[in-house]
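# Structure at a glance
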Amino acid sequence: MRELHVKEEEAGQRLDKYLQKYMAEAPKSFFYKMLRKKNITCNKKKCDGSERLKEGDCIQLFLSDETIEGFRRKSQDRKSFPVTKLDILYEDSQVLLINKPAGMLAQKAGEGDVSLVEYLPGYLLATGAVTEESLRSFRPSVCNRLDRNTSGLITAGKTPAALRELSSLFKDRTARKYYLCLVKGKVEKEGRLLGWLFKNEKTNQVMVCPAPRKGASEICTVCTPIAGKENLTLLKVELITGKSHQIRAHLSSVGHPVIGDRKYGDENLNRQYREKYGLSYQFLHAWQMEFPKLSGPLAGLSEKTVEAPLPKLLKEILEEEILKRKDGRGYGNLGFQGSSGFNSGGTHQPYK
């Protein structure tokens, strides 16, 4: 018989999930059979696997060591947790906020990919925040996603409870997310863009429709011009809904594609920025998160605003094309005068 004692960082997850991580090679059916037969118990009580674990819970495995070790991975090879330098904007015992560079995947898209999900355990192992043994029962992970070629803020949970709370926060839309993007054309009024987004799963491309259609999701994007010139505008964008490629497709649908966007952008304009600056990805950056009053695992983020600095290349383009200043600060304080608003071709309302 083997006893497993639930640590603080392991609390909050379901018993069956904990078991699946501890004995990763065992089929799910094995655990449910052992639970039914009381060969696996928690605090000496019969369980069905749906129980939420608490710190200090004792899980009893009435199994031979040969059976247990046969179902466990022989080693957590550190090579499976690659290490790279991460730009950490905030960290406590529960959560991490990371400034993801453009080009890095937030999560795997294919079997051979290496993403932030793989880099995160490597970072935490290197800093001593987790051990290889603790990773057998819980794997810290990212919570929100960004496209590969969008830079900026990514949140990650270091404990099951923090991951669950972060997910609820974004699902309930109580945390506000702001982006910076450079777009074609002159935008002079704050506006609320409305529409319906339809995704083609085969091409991984979306289209914005002016009216409801089968399979489409209603979307809302709030855009505020910060600075600009005749044919270029820096926008602060708030996602009211958060759908795949929403900002890029929505802005393109109203005649203001994001500079550098190969999928929804203006190829002639993109070519100019590629040749002048070497820009090979969209000028879109997850800039700020504003958190409400929080308690529990997310108490450290309560009423905080976290900001991710612009990547060096985007900052250079912004300074050269619009700001003409060298300190790169104060984007939100720059004024922009005018009255024309968004181009026609999409639905827009004044932001209320």
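Remember, it's a predicted structure, so these values are computed and weren't measured experimentally. Here the residue numbering is sequential within each chain, running from 1 through the sequence in written order. Where totals are concerned, whole chains, interfaces and linings use all residues; where local detail is concerned, this predicted model gives features only for residues with pLDDT of at least 70, and gives and counts side-chain atom pairs only at 80 or more. The basis for the side-chain values is all heavy atoms of the structure; hydrogens and waters are excluded.

### Quick look at the pattern of salt bridges
Side-chain pairs of opposite charge can arise whenever the charged atoms involved come near each other. Filter applied, for reference: One speaks of a salt bridge when a side-chain nitrogen belonging to Lys or Arg is within 4 Å of a carboxyl oxygen belonging to Asp or Glu. In this text, helices come from DSSP runs of H or I with a minimum length of four residues, and strands from runs of E with a minimum of two, each type numbered from the N-terminal end. In this scheme, a residue with accessible area under 20% of its type's maximum is buried, one over 50% is exposed, and one in between is partly exposed, where area comes from a 1.4 Å probe on protein chains only.
All chains considered together, the criterion is met by 14 salt bridges. Note that K184 is salt-bridged to D266, the shortest N-O span being 2.6 Å. With a gap of 82 residues between them, K184 in strand β8 (residues 176-184) and D266 in the loop between α6 (246-253) and α7 (267-277) connect regions that are remote in the sequence. Its relative accessible area of 32% is what places K184 among the partly exposed residues. Here E188 makes a salt bridge to K186, at a shortest N to O gap of 3.4 Å. Classification of K186 as partly exposed rests on a relative accessible area of 27%. Three or more residues are tied together by salt bridges with common partners; here these are R2, D65, E69 and R72.

### What to know about the sheet that holds strand β3 (residues 58-61)
The strands that make up a sheet are held in pairs by hydrogen bonds between backbone atoms, and each pair lies either parallel or antiparallel. Put simply, the test is: In this scheme, strands are said to pair when DSSP sees at least two bridges between them. Fitted lines through C-alpha atoms give the axes, limited to the stretch in contact for helices. The angle between two N-to-C directions lies from 0 to 180 degrees. In this description, contact between two residues means that some pair of their heavy atoms is separated by no more than 4.5 Å.
The antiparallel open sheet is built from three strands, whose spatial order is β1-β3-β2. The sheet is open, and its two edges are formed by β1 (2-5) and β2 (40-42), each paired on a single side. Strand after strand, the sheet turns through a mean of 20 degrees between neighbouring axes, direction not considered. By the bridge criterion, three bridges tie β2 to β3 in an arrangement that is antiparallel. Each bridged residue has a counterpart across the sheet, and for I40 the counterpart in β3 is L61. Contacts from helix α1 (residues 15-22) reach β1, β2 and β3, with the element oriented near 55 degrees to β3.

### A look at the pairing of strand β4 (residues 88-91)
In the sheet, β4 pairs with strand β5 (residues 95-100) via three bridges, with the strands oriented antiparallel. Considered in β5, the bridge of E91 is made with L96. Between the end of β4 and the start of β5, which pair antiparallel, lie three residues.

### Description of empty space enclosed by the protein
Rules: The distinction between a cavity and a pocket rests on a 1 Å grid over the protein atoms alone: a 1.4 Å probe fits inside a cavity but cannot get out, while a pocket stays open yet meets protein on both sides within 12 Å along at least five of seven lines, and a residue with an atom within 4 Å of a point counts as lining. Grid points are joined across faces, edges and corners, and a volume is the space filled by probe spheres set on the points. Residue polarity follows a fixed list, in which Ala, Val, Leu, Ile, Met, Phe, Trp, Tyr, Cys and Pro are nonpolar, Asp, Glu, Lys and Arg are charged, and the others, Gly among them, are polar.
Enumeration according to the criterion identifies one cavity of 30 Å³ or more in this entry. The calculated volume of the largest cavity comes to roughly 50 Å³. Along the walls of the largest cavity sit E9, E10, V130, S134, L135, F138, P140 and K158, which together make up its complete lining. Classifying every residue of the lining of the largest cavity gives four nonpolar, one polar and three charged.

### Some thoughts on the pairing of β1
Burial along β1 is one-sided: R2 and L4 are buried, while E3 and H5, pointing the other way, are not. Here β1 pairs with β3 via four bridges, running antiparallel. In the strand pairing of β3, R2 is matched with L61.

### A look at the layout of surface pockets
For the largest pocket, the calculated volume is near 1100 Å³. Elements represented by at least two residues in the lining of the largest pocket include exactly α5 (160-171), β8, β12 (232-239) and α6. Class assignment for the residues of the lining of the largest pocket results in 13 nonpolar, 14 polar and 15 charged.

### Concerning α7
Applied cut-off: In this context, the arc is that of the directions from the helix axis out to the C-beta atoms. Throughout this description, a polar contact denotes any pair of N or O atoms lying within 3.5 Å of each other; where both atoms belong to protein, one of them has to be capable of donating a hydrogen while the other can accept it, and for residues adjacent in sequence the pair is counted only when both atoms sit in side chains.
Looking only at α7, the buried set comprises L269, N270, Y273 and Y277. All buried residues of α7 project into a common sector of 100 degrees when viewed along the axis, lining one side. Contacts from the buried residues of α7 go to β8, β12 and α8 (312-323). The distance from a side-chain oxygen at the start of α7 to the backbone nitrogen of N268 is 3.1 Å, and the residue carrying that oxygen is D266. Count one or two residues on from α7 and you reach G278, which has phi positive near 80 degrees.

### Re the nonpolar core
Rules: Each nonpolar core is a collection of buried residues, namely Ala, Val, Leu, Ile, Met, Phe, Trp, Tyr and Cys, held together in the definition by side-chain atoms within 4.5 Å.
In terms of nonpolar packing, the biggest core is built from 71 residues, with L251 and F291 touching the most fellow members. It is helix α4 (residues 116-127) that provides the largest number of residues to this core, a total of seven residues. Counting 21 residues, the second largest nonpolar core, distinct from the first, contains V6, L19, Y22 and L61.

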